[in-house]
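In case you want the letters, here they are:
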Amino acid sequence: MDAQSDVAMKFKRIGIVGAGNMGSMMGFAFSELGLDVSIWDVKSANINGVLSKLRPEPNEGDIIMDGGNEHYLNTKRRQKECRDIGVDWIGMGVSGGYQSARHGPSLSPGGDNAALEEVMPLLELYAAKDPKSGVSCVSSIGPGGSGHL
């Protein structure tokens, strides 16, 4: 089994909230990496009945990665609220537009170190790669809301 298959088997599925330009392209990319992808959007026309809805409630041990452009104080508040129910929240800047969301963006996740270590193999697989070195364009930015604006 190759590294991509190992990572896909570990995570198995990913949920994406928001099926606009960025979310839908991320959905395609994660699907091609071998994950089952569920997408939810407030505007049902963005989903067109093709993609399934997310589980209604997060489960203890889940990790939420927020790839929206969010204010860091909101991220910190959500991290605390989620920590209280046993869920980790990672705020993550995603750079490069919808084209990169489809083929590999630059990622800047921030949050709990253990949660970041858990998802880093998936993020490294998904992120853009330096054409010369092959190094993934992702790096842990730090704790709290540091991955967001």
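Under an unreviewed UniProt entry, the name given to the protein is 6-phosphogluconate dehydrogenase, decarboxylating, and the organism recorded is Metarhizium brunneum.

K.L.:
Go over the sheet that holds strand S3 (residues 63-66) with me, naming the residues and quoting the values.
P.N.:
Ordered by their spatial adjacency, three strands build an open sheet running S3-S4-S5, and the pairing between neighbours is mixed. Every other strand in the sheet has two partners, leaving S3 and strand S5 (106-110) as the edge strands with one partner each. With strand direction ignored, the average angle separating the axes of adjacent strands in the sheet is 25 degrees. Inspection of the sheet shows S3 paired to strand S4 (residues 88-95) by four bridges, in the parallel sense. Of the residues in S4, the one forming a bridge with Asp66 is Gly91.

K.L.:
Explain unusual backbone geometry to me, and be specific about the residues and the numbers.
P.N.:
Notably, Lys12 is not glycine yet its phi reads approximately 60 degrees, a positive angle. Structurally, Lys12 can be placed in the loop between helix H1 (3-11) and strand S1 (13-17).

K.L.:
Let's hear about the packing of H1 against helix H5 (residues 113-126): which residues, and what values?
P.N.:
To describe two helices that pack against each other, one gives the angle between their axes and the distance between the axes. One way to put it is that H1 packs onto H5 with a least axis distance of 10 Å and a crossing angle of 130 degrees. Accordingly, the angle class assigned to the pair H1 and H5 is oblique. For the pair H1 and H5, the sense of crossing is left-handed. Of the residues in H5, those in contact with Gln4, Val7, Lys10 and Phe11 of H1 are Glu118, Val119, Pro121, Leu122 and Leu125. For the contact of H1 with H5, a count of residues per class yields six nonpolar, one polar and two charged.

K.L.:
Outline the pairing of S1, listing residues and values.
P.N.:
Covered by surrounding structure in S1 are Ile14 and Ile16 only, the residues Arg13, Gly15 and Val17 on the alternate face being uncovered. Taken together, the five bridges between S1 and strand S2 (residues 36-40) define a ladder with parallel strand orientation. Residue Gly15 lies in a different strand from S2, and its bridge partner there is Ser38. Handedness of the crossover is the feature at issue here: the chain leaves S1, passes through helix H2 (residues 21-32), returns alongside S2, and the resulting connection is right-handed.

Criteria and cut-off values
- Residues numbered from 1 in each chain as written.
- Predicted model: local features only at pLDDT ≥ 70, side-chain atom pairs only at ≥ 80, totals over all residues.
- Heavy atoms only, no water.
- Pairing = 2+ DSSP bridges.
- Helix = DSSP H or I, 4+ residues; strand = E, 2+ residues; numbered from the N terminus.
- Axes fitted to C-alpha atoms, helices over the stretch in contact; angles between N-to-C directions.
- Parallel < 35°, antiparallel > 145°, perpendicular 65-115°, else oblique.
- Left-handed = near helix turned anticlockwise from the far one by under 90°.
- Contact = heavy atoms within 4.5 Å.
- Nonpolar A, V, L, I, M, F, W, Y, C, P; charged D, E, K, R; others polar.
- Buried < 20%, exposed > 50% of the residue type's maximum accessible area, 1.4 Å probe, protein only.
- Right-handed = clockwise from strand over helix to strand, strands pointing away.

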